[in-house]
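# Remarks on the overall topology
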Amino acid sequence: MTPTQKTPPRAKQRRERPHAAALEVTLRCDMSCIHCGSSASRQERPNALSFAEWCGVVDQLKKLEVPNLTFSGGEPFLYPRWRDLVLHAIGRGFKVNFISNGYSLKDDDLRFMKQAGVDHIGVSLDGDQATHDRIRRKPGSFARVLGLFALGKRHGLPVYPVTSFNKVNFNVREDILRVVLESGARLWQVQVVNSFGRAGKLRGSLLLEPEQYVQLCDDVLRWQKTHGRRLHVIPADSLGYCHPVTDAMLGDCSWQGCNAGLYVLGIQADGTVTGCLALQDQAFAAGNVRERPLSELWEDDEAFAYTRRHDPAKLAGACRDCRAAADCKAGCLSMAFSVSGSIYENPYCYKAIVAARSAAAPKPG
């Protein structure tokens, strides 16, 4: 996810097409990571879509003129017909990428994806060897990620690391940077663990402290300045907002509120449509592809009211009195809701944390 730079069109106009869609092709996973927002396990979602239904979803997304598809999970490579679905999607003209834990991928899989035209693979990298394997609860998983970087180079298929920062890996962030640089990756996405799923149950031991959050933002900007010629460090939507430091961190982009249901959408394995797969709560379900066509759902502003009907009068906490509130709209909604229980209050905001620190500092004299 990247910050939007556009203003949503008026409700009476035909809504702009989604820029990207993420498909949770399966909730099954071969890991049980402590920070998983969807509590993925060895079990599939009840009433999961069939292959034919997934092909129908892809065809509907084509009619919506969506250019980019991300195959996600769970672990998408555990979906039995992922290769067939890739061929179907690329055959319809989509740019396709994956987000994976990297554990099950083999040489032949990379060869197939390169030949098929997959754009890239995002792989989770959450620490040095000991920390990554601890978070993933899978001995040897770190080594598999390093192996995937090597396979990507062998086949000319970009493999980009994605790191979800939390209390467990915060102190090894420079070690993670070193691994990323040594991998030769040209892009690194950095994000913050929210409090959905297993991460919510372990919130006390995972959720960053406010000062750690600020430090991470400062680090991202420093990494960008120091390593920008060889590595593009991309902050995800959970990092910001509306402060000179975070504005510089976003570069040419500008934060104008959460993208969910405005420029991106997600579809879960059972056909549930939501504005973003990170919004792991039934309150954000817009409908189901088995019940309404995607085009009809997308044109229904009430189905995505949490962003399209944003009401600044409902803002609370530091968000209520913030001068940037009209643009920020409480930042990343998955972060806000999972932490505060409201889409109108987000305590994970660089600007608010720094302001509170300044107000609490002893006054001279």
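These notes cover the structure that comes with them. Numbers given for residues are sequential positions, taken from 1 along each chain in its written order. Residues qualify for local features only when their pLDDT is at least 70, as the model is predicted, and side-chain atom pairs are given and counted only at 80 or more; totals for whole chains, interfaces and linings, by contrast, use all residues. Side-chain descriptors were evaluated using all non-hydrogen atoms of the structure, hydrogens and water having been removed beforehand.

### Topic: the overall build of the protein chain
Where helices and strands are cited, they refer to DSSP runs of H or I of at least four residues and of E of at least two residues respectively, numbered from the N terminus. From N to C terminus, the protein chain includes 15 helices and 10 strands. As a reference, a globule follows 2.2 Å times the number of residues to the power 0.38, and the radius of gyration itself is taken over C-alpha atoms. For the protein chain, the C-alpha radius of gyration of 20 Å lies close to 21 Å, the compact-globule estimate for 365 residues. Its C-alpha atoms put the protein chain at 70 × 50 × 40 Å along the principal axes. Any pair of residues with heavy atoms lying within 4.5 Å of one another is described as a contacting pair. Nonlocal contacts in the protein chain, meaning residues at least 24 apart in sequence, comprise 73% of its contacts between residues at least 6 apart. Positive residues here are Lys and Arg, negative ones are Asp and Glu, while His and the chain termini are left out of the count. Lysine's charge is taken at NZ, arginine's at CZ, aspartate's at CG and glutamate's at CD. Separation of charge centres in the protein chain, based on 47 positive and 38 negative side chains, amounts to 2 Å.

### Some remarks on the packing of aromatic side chains
Centre distance within 6.5 Å is the pairing criterion for rings of Phe, Tyr and Trp, where only the six-membered ring of Trp is used; planes under 30 degrees apart are then read as stacked, over 60 as edge-to-face, and the remainder as tilted. Within this structure, the stated rule accounts for 14 aromatic pairs. Ring centres 6.5 Å apart and planes at 35° place the aromatic pair phenylalanine 165 and tryptophan 223 in the tilted group. Within this pair, whereas phenylalanine 165 is found in strand β5 (residues 159–165), its partner tryptophan 223 is found in helix α9 (residues 210–227), the two being separated by 58 residues in sequence. Measuring from centroid to centroid gives 4.9 Å for phenylalanine 284 and phenylalanine 337, while their planes differ by 85°, and the two rings are edge-to-face. Of the two residues, phenylalanine 284 is situated in the loop between β9 (272–274) and β10 (285–288) and phenylalanine 337 in helix α14 (residues 333–340); the sequence distance between them amounts to 53 residues. Taken together, the ring pairs connect Phe196, Phe284, Trp298, Phe304, Tyr306 and Phe337 into an aromatic cluster.

### Topic: the sheet that holds strand β6 (residues 187–192)
Each pair of strands is called paired provided DSSP finds at least two bridges between the two strands. Strand order in the open sheet formed by 10 strands is β7-β6-β5-β4-β3-β2-β1-β8-β9-β10, with mixed pairing between adjacent strands. Only two strands of the sheet have a single partner each, and these edge strands are β7 (232–235) and β10. Averaged over all pairs of adjacent strands, the angle between their axes in this sheet comes to 25°, without regard to strand direction. The sheet contact formed by strand β1 (residues 20–24) and strand β8 (residues 264–267) spans 4 bridges and is parallel. Along β8, the bridge assignment pairs alanine 21 with leucine 265. Fitted lines through C-alpha atoms give the axes, limited to the stretch in contact for helices. The angle between two N-to-C directions lies from 0 to 180 degrees. Packed onto the sheet, helix α1 (residues 51–63) meets β1, β2 (68–72) and β8 and runs at close to 175° relative to β1.

### Here we look at helix α6 (residues 173–183)
Under the scheme applied here, a residue whose accessible area is under 20% of the maximum for its type counts as buried, over 50% as exposed, and between as partly exposed, the area being computed with a 1.4 Å probe on protein chains only. Those residues of α6 that sit buried are Arg173, Ile176, Leu177, Val179, Val180, Leu181 and Ser183. For α6, the elements touching its buried residues are α5 (141–155), β5, β6 and α9. The first or second residue beyond α6 is glycine 184, which carries a positive phi of 80°.

### Some details on the state of the cysteines
Note on disulfides: each one is a pair of cysteine sulfur atoms within 2.5 Å. All chains considered together, the criterion is met by 0 disulfides. Among the cysteines around cysteine 217, which has no disulfide bond, cysteine 349 carries the closest sulfur, lying 9.0 Å off. Owing to a relative accessible area of 0%, cysteine 217 belongs among the buried residues under this scheme.

### Focus on unusual backbone geometry
What you tend to see is this: most non-glycine residues have negative phi, and most peptide bonds are trans. A cis amide bond links glycine 73 with the next residue in sequence, glycine 74, at an omega value of 15°. In this fold, glycine 74 is placed in the loop between β2 and α2 (82–91). A cis amide bond, omega 20°, links glycine 240 with the succeeding residue tyrosine 241. With respect to the element layout, tyrosine 241 can be found in the loop between β7 and α10 (244–250). Residues other than glycine seldom take positive phi values, yet asparagine 47 does so here, at roughly 60°. Note that asparagine 47 resides in the loop between β1 and α1. In the Ramachandran plot, arginine 137 falls in the positive-phi region, its phi being about 55° despite a non-glycine side chain.

### Regarding the packing of helix α3 (residues 107–116) against α5
α5 packs onto α3 with a crossing angle of 45° between their chain directions and a minimal axis gap of 10 Å. With respect to each other, α3 and α5 are oriented oblique. Considering only the axes of α3 and α5, their crossing is right-handed. Here Asp107, Leu110, Arg111 and Lys114 of α3 come into contact with α5, specifically with Leu148, Leu151, Gly152, Arg154 and His155. Of the residues in the contact of α3 with α5, the class split is 3 nonpolar, 2 polar and 4 charged. Orientation labels follow simple angle bins: below 35 degrees gives roughly parallel, above 145 gives roughly antiparallel, 65 to 115 gives roughly perpendicular, and whatever is left gives oblique. The hand of a helix crossing depends on one turn: near helix anticlockwise from the far one by less than a right angle means left-handed, and clockwise means right-handed. Any residue that is not Ala, Val, Leu, Ile, Met, Phe, Trp, Tyr, Cys, Pro, Asp, Glu, Lys or Arg is counted as polar, Gly included; the first ten are nonpolar and the last four charged.

### A closer look at the pairing of β2
Pairing of β1 with β2 involves 5 bridges; the strand directions are parallel. Looking at β2, one finds that leucine 23 is bridged to phenylalanine 71. Since β1 and β2 lie parallel, the crossover through α1 that links them has a hand, and here it is right-handed. Bridge analysis of β2 against strand β3 (residues 95–100) gives 4 bridges, and the strand direction is parallel. If the strands point away from the viewer and the path from the first strand over the helix to the second runs clockwise, then the crossover is right-handed.

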